[in-house]
Amino acid sequence: MATLTVAPHFGFVLAELVVLYLWQNAVLAGFVAKARKATGIKAPTLYPRDSQIKELKLKDEQVTNYMQAQRAHLNTVEFTSAFTALFVVAGLLDARATAIAGAVVVLGRILGGIGYQYGKRGIGGFFHLGELYVLYIVGSHAYRLISTLPQ
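Residues numbered from 1 in each chain as written. Predicted model: local features only at pLDDT ≥ 70, side-chain atom pairs only at ≥ 80, totals over all residues. Heavy atoms only, no water.

Caption draft 1: Here's a closer look at the packing of aromatic side chains. In the structure shown here, the tally under the stated rule is four aromatic pairs. Consider the rings of F79 and F83, whose centres lie 4.8 Å apart with planes at 20°: the pair is stacked. Taken together, the residues span about one helical turn, with F79 and F83 both in helix α3 (residues 60-93) at a distance of four residues. F83 matches F79 in its accessibility class, with the two residues each being buried. The rings of F79, F83, F87 and F127 are connected pair by pair, giving a single aromatic cluster. In this arrangement the basic side chain of R109 is found over the ring face of F127, its NZ or CZ atom lying 4.5 Å from the centre. (Phe/Tyr/Trp six-rings, centres within 6.5 Å; stacked < 30°, edge-to-face > 60°. Helix = DSSP H or I, 4+ residues; strand = E, 2+ residues; numbered from the N terminus. Buried < 20%, exposed > 50% of the residue type's maximum accessible area, 1.4 Å probe, protein only. Lys NZ or Arg CZ within 6 Å of the ring centre and 35° of its normal.)

Caption draft 2: Local environment of the nonpolar core. One finds V13, F79, F83, F87, A90 and V134 to be the most contacted residues of the largest nonpolar core, which totals 18 residues. Only α1 (10-39), α3, α4 (95-117) and α5 (127-147) provide two or more residues apiece to this core. In terms of residues, this core owes the most to one element, α4, which gives six residues. Not counting residues within four places of it along the chain, the set of residues in contact with A90 comprises A95, T98, V134, I137 and V138. Among the nonpolar cores identified, the runner-up in size contains eight residues, and V32, I53, V63 and A69 belong to it. (Core = buried A, V, L, I, M, F, W, Y, C linked by side-chain atoms within 4.5 Å. Contact = heavy atoms within 4.5 Å.)

Caption draft 3: Seen up close, unusual backbone geometry. With an omega dihedral of 10°, the bond running from A43 to P44 counts as a cis peptide bond. Residue placement: P44 occurs in the loop between α1 and α2 (50-55). If you check the backbone angles, K57 has positive phi at about 55° while not being a glycine. As for its placement among the helices and strands, K57 is situated in the loop between α2 and α3.

Written out as structure tokens, the structure is:
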């Protein structure tokens, strides 16, 4: 049986994953649930059609609030589905640097999710700096490994 030894800083990587998970699946999903209750838009509808908006007699402000909550949640779902695996691999390769990059990502995603609720979509855009550093960690390790292959 193989043994995997991880650096203590990998604990921060795992904690950041838990925060991202809870942010996405509890907080942002809760905002969507609240918006659904306020508008009468039932699951599995993600985005209501004009006919449904008319049928429910929704005001523009209600539709906007619902759409912002839904987009904040789905934008996070879209991001984390691709980011999570890279983040774990990066954490195994360089736990300390990945934990720092992850803190930037978590803070940016939280601020971005809050901003999305109020029409301030770009407020957390700096999360991309952490995301790009995670890509750098994985990419540079991949390059080093490939470079050692015999010619």
